[in-house]
Amino acid sequence: MTPHTPDPVDASASGNPLLRHLNPEQLAAVTLPARHALILAGAGSGKTRVLTTRIAWLVQTGQVSPAGVMAVTFTNKAAKEMLTRLGTMLPIPVRGMWIGTFHGLCNRFLRAHWKLAGLPQSFQILDAQDQVSAVRRVIKAMNLDEERYVPKQVAWFIAGSKEEGLRPRDVSVRDEQTRKLVEIYQAYEDQCQREGVVDFAELLLRTYELMRDNAALREHYQHRFRHILVDEFQDTNRLQYAWLKLFAGPGNSVFAVGDDDQSIYAFRGAQVGNMSDFEREFHVEHVIKLERNYRSYGNILDAANELISHNRRRLGKNLRTEAGPGEPVRVYEATSDFAEAQWVLEEAQQLHREGTPRSEIAILYRSNAQSRVLESTLFNAGIPYRVYGGLRFFERAEIKHALAYLRLLENPNDDTSYLRVVNFPTRGIGARTLEQLQDAARTSGRSLYQSVGAVAGKGGANLAAFNALVDAMREATRGLTLREIIEHVLEASGLQDYYRNEKEGRERLENLDELVNAAEAFVTQEGFGKDAVALPIDEQAGAIADGDPPAVALADIVPDAETGEIISPLAAFLTHAALEAGDNQAQAGQDAIQLMTVHAAKGLEFDCVFITGLEEGLFPHENALSDFDGLEEERRLMYVAITRARKRLYLSHSQTRMLHGQTRYNIRSRFFDELPEHALKWITPKVQGFGGGRGAQSGWGSAPATPPWSAAPAKIEPRVATSDGVALRVGQSVFHNKFGEGMIVTLEGSGNDARAQINFGRHGLKWLALSVAKLTPIE
DNA sequence: AGTGTTCTTCTTTTT
DNA sequence: GAAGAACACT
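From a predicted model like this one, the values you see are computed outputs, not experimental measurements. (Residues numbered from 1 in each chain as written. Chains lettered and ligands numbered in written order. Predicted model: local features only at pLDDT ≥ 70, side-chain atom pairs only at ≥ 80, totals over all residues. Heavy atoms only, no water.)

S.K.: Any details on unusual backbone geometry? Residues and values, ideally.
M.R.: With an omega of -5 degrees, the peptide bond between Phe424 and Pro425 qualifies as cis. With respect to the element layout, Pro425 can be found in the loop between helix H16 (415-421) and helix H17 (431-444). Phe619 connects to Pro620 through a cis peptide bond whose omega is 10 degrees. Here Pro620 lies in the loop between strand E13 (606-611) and helix H27 (628-642). For Glu232, which is not glycine, the phi torsion reads 50 degrees and is therefore positive. Position of Glu232 relative to the elements: it lies in the loop between strand E6 (227-230) and helix H10 (238-247). Within the chain, His283 stands out as a residue other than glycine whose phi angle is a positive 50 degrees. Tracing the chain through its elements places His283 in the loop between helix H11 (273-281) and strand E8 (286-290). (Helix = DSSP H or I, 4+ residues; strand = E, 2+ residues; numbered from the N terminus.)

This is how it looks when you write it as structure tokens:
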């Protein structure tokens, strides 16, 4: 009955139990010879299984030692899952294997080779927030206008440059603006270096450059990692691709698994083109397509296949199933976002009554802002739900404060952390004092911590007291366990007292307690060093593997001179906190409906999926419509959304929606017209000529079955204006010779002055003068 | 130095 | 509509 039990294909020929449950394509992929290979793995085709089974098979058949395998993923979750599955397949400890995220592995690499990489041993990692605030400081220090150089955008520029492999001197400067941006980039780099911090992109770029420039090191690692496996290859950016090229020495095998149709991070620099580049540049002989889907019923797959066939830039792939058509995809049109939420609620309740666990019901949307209505509807109905996204554990303010103190223990020159907590809780250190301090630090080229002596007066005394506090905490925690260190710092910093006295502080206090727990769990479960300890593993590699990793590389791994530790538990924990933002509000245990953006849903699957807000301008999003690639990415996003569903899929859109505090009138998403009619069931009548019509197609002259909102309670603001005696009202759909169909959003003025704001979907929102514009009402 | 008030912005975001 | 930042006030 359920479609996701794979057919046991006869693999008895091999007689290997590892390979028993693979279909022929999967089996072929898993047992490919040790050459470069590209696996095009469609949604739900058993991609993770292929990856893990391949590793297990390689190790089990003695083709490679566990230390000779490197497997790269994008998310911690995927890495963890791979390790877990592998652990059940192989009778060896898998923890030390080089399986992790790009950033995690780079961190491991840089912890081992910090000296060669030109980093302090206890370098800290800036998360995205920290990076923006670091950039903001640079911009302020350079006396630049924050309006013109928006910190967030500049941070984006810097990260983007790094992901292209470009240092400031490599960025080609065409205009004045870019020249300035490069200047900021350079100053930012100097600042990071001075403070001993690296951002996410830097982890990769440093590793890349070190591998590129140090032949001995490169040869060592190329020799070591005979098999490199890459998950979600379609999401790699240029730097990651170049990085892989460096690690893939002669004679190595790169086994890349990806799905070009699920590439939804191009906006963040992912290059789908890496897949075809890989095929060409690595002379890939084996391309295997996994098209058999074990997840969804036929109607859902038909919808996905048909939709994605509208994309032109594809490698070409079609999902198929043997599970039968299943239920039709249900489509609902609501009059308002509120009504839409209400409908979702009722359907979800029905599903629950019929036996679907709430956790198997997912409500997806394009942007986070849409979750509010859904949340309040579920909340008012008393239905348990869980929202993904939003603030994650290690991103919470109180947690970041605590971490900042801890980071100062490791590295007092970390100005980002210094600024975050120097006056929190307040210690009489105001903006003026800090300005003086920053000036002093700037002119002397030293850190804030090092510059307190330069500030005179009361402010200076307070600063000195803060420094003394940090020093005292460091002294007091020497030799303590991680748990004790954190407990001491929470107390001594005054954070705990601060939140104890705060009205809203209870939850924050609980979170601080949770931090202690997280640290405790980190120490016990993880053996604390999974991200950090490189030396023991490399030693193992020397022992287990082929016997000849060059000593030169190992000698470059530098332990702490005093203790011989590779990294302290505290440093390891701080790394963990930066690299793994932690789960959101894990209200674990309760059976709850799952709410998330489509992006967040990637890689997940549910029995029942609702995709809401399918409206022009929202999904596809208006900002993505300007260019062709943007639209194709939106379509892939929709494809990802559809393929999350196992048994039932619901699509909905609404005529009106509160957005940015005002009611917007939207037309149906064009994606509806790209779905196969036979797979759909329209709960509300489909209205001709809406959203879809590519002009020639569907005549809107023909009588629609039922006006969309006459059946449902109409809650459209009925304002009226005229042009040529034609009555218009807000919410009315009209046809314009140039812009096609649109929906009237606003009406203003009267007579010759009358204007209308009209949502033309792909042509955007436009103001038209009604005395000029020729509009024909539709409907 | 801390708090209250207006002004601005508003996709997605694995690390 | 709500969060975050800049500004003004006490």
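S.K.: So what's going on with the protein's contact with DNA strand C? Which residues, and what values?
M.R.: If you check the shell around DNA strand C, you find Glu146, Arg372, Met658, His660 and Gly661 and nothing else. Between His660 and DNA strand C, the recorded distance is 3.1 Å, taken from a backbone N or O atom to a base oxygen. Its residues assigned to classes, the surface near DNA strand C comprises 1 nonpolar, 2 polar and 2 charged. (Near = heavy atom within 4 Å. Polar contact = N/O pair within 3.5 Å; in protein donor to acceptor, adjacent residues only side chain to side chain. Nonpolar A, V, L, I, M, F, W, Y, C, P; charged D, E, K, R; others polar.)

S.K.: Hey, could you go over the pattern of salt bridges for me, with residue numbers and the actual values?
M.R.: Tallied over the full model, the rule gives 53 salt bridges. Residues Lys80 and Glu580 are paired through a salt bridge, measuring 2.9 Å at the closest nitrogen-oxygen approach. Of this pair, Lys80 sits in helix H3 (residues 76-89) while Glu580 sits in the loop between helix H25 (569-579) and strand E12 (593-597); the two residues are 500 residues apart in sequence, bridging distant segments of the chain. On the accessibility criterion, Lys80 (41% relative accessible area) is partly exposed. Arg657 is paired through a salt bridge with Glu615; the nearest N and O atoms lie 2.7 Å apart. Taken as a pair, Arg657 in strand E14 (residues 645-659) and Glu615 in the loop between E13 and H27 lie far apart in primary sequence, 42 residues in all. Per residue, the accessibility class of Arg657 equals that of Glu615, and both read buried. Through salt bridges with shared partners, one network takes in Lys162, Arg167, Glu189, Asp199, Glu202, Arg206 and Glu209. (Salt bridge = Lys/Arg side-chain N within 4 Å of Asp/Glu carboxyl O. Buried < 20%, exposed > 50% of the residue type's maximum accessible area, 1.4 Å probe, protein only.)

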